[in-house]
Amino acid sequence: MQNDDSTSETIGRLNNTGRATEDELRLALSLLQSSLESYKDVLIFSIGLNYEYLNFNTAFKEATFYAYGTEVKAGNSMLDSITNAEDRAKAKLNCDRALAGESHSTVEVYGDLAKSYFETKYNPVRNEQDEITGVTVLSANITERKMTEERITALNKELEAFSYSVAHDLRAPLRAIDGYTGILMQEHAEKFDAECQRLLNIISINARQMGRLIDDLLNFSKLGRATLNKEPVNIALLTEPIIIELVQAEGRANIEFKLGELAYLNCDETLMKQVFTNLIANAIKY
């Protein structure tokens, strides 16, 4: 930011000379406040060793009034502006950690009149002798983001419940199709010619494949919440059974696949299997 450079240069020059005039000091403070005010969506303030406000921007002043109905003033205690005892304890603890030399971040709920989620960074302020003289705090209201995340989580749970319900309803007829096809092939095979037996075999293969696809879809729906399990995977061994299964299912024995040298990949085997299944199925189809 342009004003930040000017502020640093001015303050640095004043520190070096040790003879700050009233006008120069006023200019430095003006540039500093201008820098703070430029951050419209970030609440910024700093406190001294006794939690007294040193400076703050308008965004923080307005947010505090909205949350607690109190007015922020330079020199007043931060603790006095927080009317909720639980929030006051949290703020004091976080500032104490910074006063002890620890830079850290939190995501917490603050507010009495209106509660909101805030993502906040606490950093100790040090003087030229490396002594801690206060704390600088930068905070962003992330309530909208948190609410969106919570809605997405709720929708994912509903989707998972729906998927299990649909999967259960689909598995029953698939088992029936596969079972009755097996009975026809085993107990009444003499009544069917070779073409009929081939078609019954295709029906059975497709029913079993559909069952596996349902299982894969259920497993895939959980991947967004699961950690990827990366490990060396032999891609040649992974793709060969996929090709055989898809060719049989399509009844396309005349298709010829040529597999070149396939290297090991460090990947999640379940996801990679789904990738190659989709690619090979599209190759067969088109």
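About the criteria used
- Residues numbered from 1 in each chain as written.
- Predicted model: local features only at pLDDT ≥ 70, side-chain atom pairs only at ≥ 80, totals over all residues.
- Heavy atoms only, no water.
- Pairing = 2+ DSSP bridges.
- Helix = DSSP H or I, 4+ residues; strand = E, 2+ residues; numbered from the N terminus.
- Axes fitted to C-alpha atoms, helices over the stretch in contact; angles between N-to-C directions.
- Contact = heavy atoms within 4.5 Å.
- Phe/Tyr/Trp six-rings, centres within 6.5 Å; stacked < 30°, edge-to-face > 60°.
- Lys NZ or Arg CZ within 6 Å of the ring centre and 35° of its normal.
- Salt bridge = Lys/Arg side-chain N within 4 Å of Asp/Glu carboxyl O.
- Buried < 20%, exposed > 50% of the residue type's maximum accessible area, 1.4 Å probe, protein only.

Novice: Looking at this model, I keep getting lost on the sheet that holds strand E3 (residues 104–110). Mind explaining?
Specialist: Backbone hydrogen bonds are what pair the strands of a sheet, in a parallel or an antiparallel way. The strand order across the open sheet formed by five strands is E2-E1-E5-E4-E3, and the pairing between neighbours is antiparallel. Both outer strands of the open sheet, strand E2 (53–56) and E3, are each paired with one neighbouring strand and no more. The mean inter-strand angle of the sheet, taken between neighbouring strand axes irrespective of direction, is 25°. Pairing of strand E1 (residues 43–48) with strand E5 (residues 132–141) involves six bridges; the strand directions are antiparallel. Looking at the pairing, serine 46 lines up with threonine 136 of E5. Contacts from helix H3 (residues 58–68) reach E1, E2 and E3, with the element oriented near 90° to E1. Contacts from helix H5 (residues 85–99) reach E1, E3, strand E4 (116–126) and E5 within the one sheet, and its direction differs from that of E3 by about 170°.

Novice: How do you make sense of the packing of aromatic side chains when you look at a structure like this?
Specialist: Working definition: an aromatic ring pair is given by the centre-to-centre distance plus the angle between the planes. For the coordinates displayed, the defined rule picks out four aromatic pairs. Taken together, the ring pairs in this structure connect Phe45, Tyr53, Phe56 and Phe60 into an aromatic cluster. One cation-aromatic arrangement involves lysine 90 over tyrosine 110; the distance from NZ or CZ to the ring centre is 4.5 Å. Above the ring of tyrosine 117, the side-chain terminus of lysine 146 is found at 5.3 Å from the ring centroid.

Novice: Which parts of the structure should I look at to understand the pattern of salt bridges?
Specialist: Pairing between side chains becomes possible if they bear opposite charge and their charged atoms approach one another. Under the definition given, this model contains eight salt bridges. The shortest N-O distance in the salt bridge between aspartate 96 and lysine 92 comes to 2.9 Å. Remark: lysine 92 and aspartate 96 occur in helix H5; sequence separation between them is four residues, near one turn of the helix. For aspartate 96, a relative accessible area of 26% gives the class partly exposed.

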